[in-house]
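Overview (structure and organization)
Chain residues, written in single-letter form:
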Amino acid sequence: MKPSIDEISGKTFDFVIIGGGTAGLTLASRLSEDPSLTIALLEAGPANLDDPLILRTSQYGAHFGKEGYEWGQSTTPQVHANGKSFYWPRGRTLGGSSAINFLCWTKPPLQDIDDIERLGNPGWGWESYEKYLKRAERFVHLGDDGQLVPGLTANGPRPPEQGPLVISYPQTLENFEKKAYQTLKNLGIPDAPAPPAGTYACAHTFDPISQTRTYSTTAYYLPVAHRKNLRVLVSATVSKIVLNHDAESGNVLATGVEFIHEGKKHIVHASKEVILSAGSLKSPQILELSGIGRKDVLEPLGIPVVVDLPGVGENLQEHVFTGVSWEMREGLPDLTLDILRDPEQLAQQIKAYESKQPSLFTSGISGFTFQPLTTYTPRAQDLYDELSTKITENMDKYPPGLREQYDIQLERLEKGAPAFELISFPGFFSYPNPPEAGKKYVTMLFASNHMFSRGNAHITSTDPLASAALDPHYFEQDFDLKSLVEVTKFVRKIVGVKPYDEIVGDVAKEINPGPGIQSDEQLADWVKSSIGSTYHTLGTLSMLPKDKNGVVDPTLKVYGTKNIRVVDLSIIPLHIAAHTLGTVYSIAEHAADIIKESLTRT
Ligand SMILES: Cc1cc2nc3c(=O)[nH]c(=O)nc-3n(C[C@H](O)[C@H](O)[C@H](O)COP(=O)(O)OP(=O)(O)OC[C@H]3O[C@@H](n4cnc5c(N)ncnc54)[C@H](O)[C@@H]3O)c2cc1C
C-alpha cells in the first residue's frame, strides 16, 4: 500500500492531489474508481493508521501541539482582542482535520447553502449540497439488543444510506445532558426534530460497532488503498506547483508539483490536473509560493507574479466560541470528562472502553442549539440597526464582493437566521480560571457563526515550511463582540432555571467568567481573551466571480489557470451556521462529479 518515493518522484500521473485530508482522500477515492485514471496524492503528515489517539473518541485536544498530528500554527496578535494570538490547530496527518476533530456531525440551514449559489455559483445550492452529503454519509444505529439497525437521520427515519462514512449517535448520554436540554426548553427554545433551528442531539462520525472514529482515512482511503491507479505518499510536503504556459488558451498550465520528502526535493508530473486540497490555511500558501496571488504579497518576497489574483488569501472567515463553566453539585453520579484528568479513573475508562463497555469514550458532545440573536437578547434589534448603519456608511470602502456578502448577512440577521449556537459540553472547557483536581464541571459553550469581520492568510517568507501570517481580524466589526456579550448574559441565566439548577445549584460556583465579571465592559474584555477558534476557517480561496475577488469558478478551477482546481473548505465564500466537516465531504463528492464530467467532454 505504501508507495516508495521512486514510484512517485519524476513519474507522471493524470491527477496530482495536494493534501491527504478530509477533501483530498475523498476526492482521490472517487477519482480512482475509474481504473483508466492515475492519481498521486501527497500528504505532509504521517499515516498514523490504527492509532488509538485518533480512533478513540472524546479525546478533545489530545493532538494539539503534537507535530505528528497537527501544524501548530497561531494567528497574528489580534488588535481588537487584547493583542492576543490564538492557537489554530489543524490536522497534519493522513485524514487531515477529520482525524483530530471533535466528531460532531451538523448540517447547515438550507438558506445558508442557497446563499452560496446566490453569490454567483450556479449548481452549489442546497439541492446539490444535500445530494452529495447523502453520497458521503451512512447513518447506523444500535438497537436495545446491541444489534445494528437502520439508523435515524437528523430529519427522521430513513433507510441506511450507502455512503462510506459511518455516522451514529453517542452511546452514552449523562443525566445532566437531558437536564440541559429540558432547561433550554423551559427558556423557550424548542426541540428541533429538523435541525438546525432549536435544540437537538448531534450525531457523530463514530462507528458504534468498532467504537471508533470514522474519518476520511477509514471511510474513503483504506477500503480502496489496494487500487493500482492510486498512490498516496505521506510525509511529503508540497512546496509549490510547477507552472508553464498553455499557448492555446493563454492560461497558466500546471505540469506538476514540487515537494519535500525526507529532506530532499522531488517533482511529480501531472498530465491532466493539479488539485489543491491542503485546507483553508495551506492551500492559499501553496498558490502564493507558486506565483498565483496578490502582487502586494508576492513582489516584496521576490516571487514572480504568474497570475495576479487579488482574492487569494483574502475573505477569511471564522467561527469563534467561548463558554461559561460551573462546578457540578457534589455527589451527583454523572460522569464528566473532568475525571479523565485523574490517571486512575482514566485507566478505568480505557479498560471499560477496551472491553466494549459504555465509557466516556462512547460519549460525545451532544446537545446542540442553533438560534437567532433575538432568542438571546432584547437588544438584538438595536445591535442590528447600529451595524446596518455602519455598513451602509462604509460600503464604498469594502473590497469587491464584500458588499454582496454583507447584504446577505444583514438579510439573514433581519430574518432571524439561527446563527448563534449553544453547545452543552460534558466537562470543563473555558478560560481563564482553571479547574480544580477532583471536581466535576459543566460548560455551556456558545459560538457565533455568521461573523462580519474579515481576515486574511498570506505568506511572509518563501520558506514552504514556515506558517503564513494568519489574521482573522477578530472583532474588527464590533457587532461580532457585542453579540457574544449578549449571548453570555443569556447563558448565565441557565443556572437559575429548572432543572439545570439541580446540576449546579449555586450561582457562585460559576468558574468562568466568574461572579466578579458583570458589566458589559468586563464581559467584552473576558470574551476577547477567552474565545477560541472553532477550527472552521474558510473563504481564503473563495468561489466567487473574479471581479468579486473570487479565486475559483463554480467548477473549482483557479482563474487564469487551465488545470488547477481547489477542493477543500477554502472555496466557501460565506460562512454557514454549522460545523464544517459535512460541508467538506459534500464539496469533495461534488468535485469528483465535476471532474469526471469534464473528462467526458475532452
Ligand atoms: C480540532 C478540530 C476540531 C474540529 N471539530 C469539528 C467537529 O466536531 N465537527 C465538524 O463538523 N468540524 C470540525 N472541525 C472542522 C473540520 O474537521 C474541517 O473543516 C475539515 O476537516 C477541513 O477539511 P479540509 O479537507 O478542508 O482540510 P484538512 O482536513 O485539514 O486537510 C488538509 C490536509 O492537507 C495537508 N497539507 C497541508 N499543507 C500541505 C502541503 N504543503 N503538502 C502536503 N500536504 C499538505 C494537511 O496536512 C492536511 O492533511 C474541526 C477541526 C479541527 C482542527
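Residues numbered from 1 in each chain as written. Predicted model: local features only at pLDDT ≥ 70, side-chain atom pairs only at ≥ 80, totals over all residues. Heavy atoms only, no water.

As a reminder of what qualifies: UniProt positions are given in the numbering used here, feature names are shortened, and annotations may be inferred rather than shown by experiment.
In the annotation of an unreviewed UniProt entry, the protein is listed under the name Alcohol oxidase and assigned to Sistotremastrum suecicum HHB10207 ss-3. Quoted straight from UniProt, the Sequence similarities (unreviewed entry) entry for the protein says "Belongs to the GMC oxidoreductase family." UniProt annotates the protein under Cofactor (unreviewed entry) with the comment "FAD".

Some remarks on helix α4 (residues 126-136)
Heads up, the rule is: Exposure is judged per residue with a 1.4 Å probe applied to protein chains only, and the accessible area is read against the type maximum: over 50% gives exposed, under 20% gives buried, and values in between give partly exposed. In this text, helices come from DSSP runs of H or I with a minimum length of four residues, and strands from runs of E with a minimum of two, each type numbered from the N-terminal end. Think of the arc as the fan of directions from the helix axis to the C-beta atoms.
Taken as a whole, α4 has its buried residues at W126, S128, Y129, Y132, L133 and A136. Projected onto a plane normal to the axis of α4, the buried residues spread over an arc of 165 degrees and lie on a single side.

What about the side chain of Q317?
What counts here: Two N or O atoms count as a polar contact when they lie within 3.5 Å, although within protein this holds only if one can serve as hydrogen donor and the other as acceptor, and sequence-adjacent residues are included solely when both atoms are side-chain atoms. Whether two residues are in contact is decided by their heavy atoms, any of which lying within 4.5 Å being enough.
Within the element layout of this structure, Q317 appears in the loop between β20 (307-308) and β21 (320-327). For Q317, a relative accessible area of 2% puts it in the buried group. A polar atom in the side chain of Q317 sits 2.9 Å from the backbone nitrogen of H575. Setting aside its immediate chain neighbours within four residues, Q317 contacts Q405, R454, H536, T537, L538, P573, L574 and H575.

Thoughts on unusual backbone geometry
A cis amide bond links Y431 to the next residue, P432, at an omega of 0 degrees. Here P432 shows up in the loop between β23 (420-425) and β24 (441-448). For the bond running from K498 to P499, omega is -10 degrees, close enough to zero to count as cis. As for its position among the elements, P499 is in the loop between α13 (479-493) and β27 (510-512). One non-glycine residue, Q211, adopts positive backbone phi at about 55 degrees. Looking at the secondary structure, you find Q211 in the loop between β13 (206-207) and β14 (212-213).

Here we look at the UniProt feature "binding site: FAD" (unreviewed entry) in the protein
If you check UniProt for "binding site: FAD" (unreviewed entry), the listed places come out as V238 in our numbering. Structurally, V238 can be placed in strand β16 (residues 236-245). The class of V238 is buried, set by a relative accessible area of 7%. Non-local contacts of V238, meaning those with residues more than four positions away in its chain, are made with I18, L42, V257, E258, F259 and I286.

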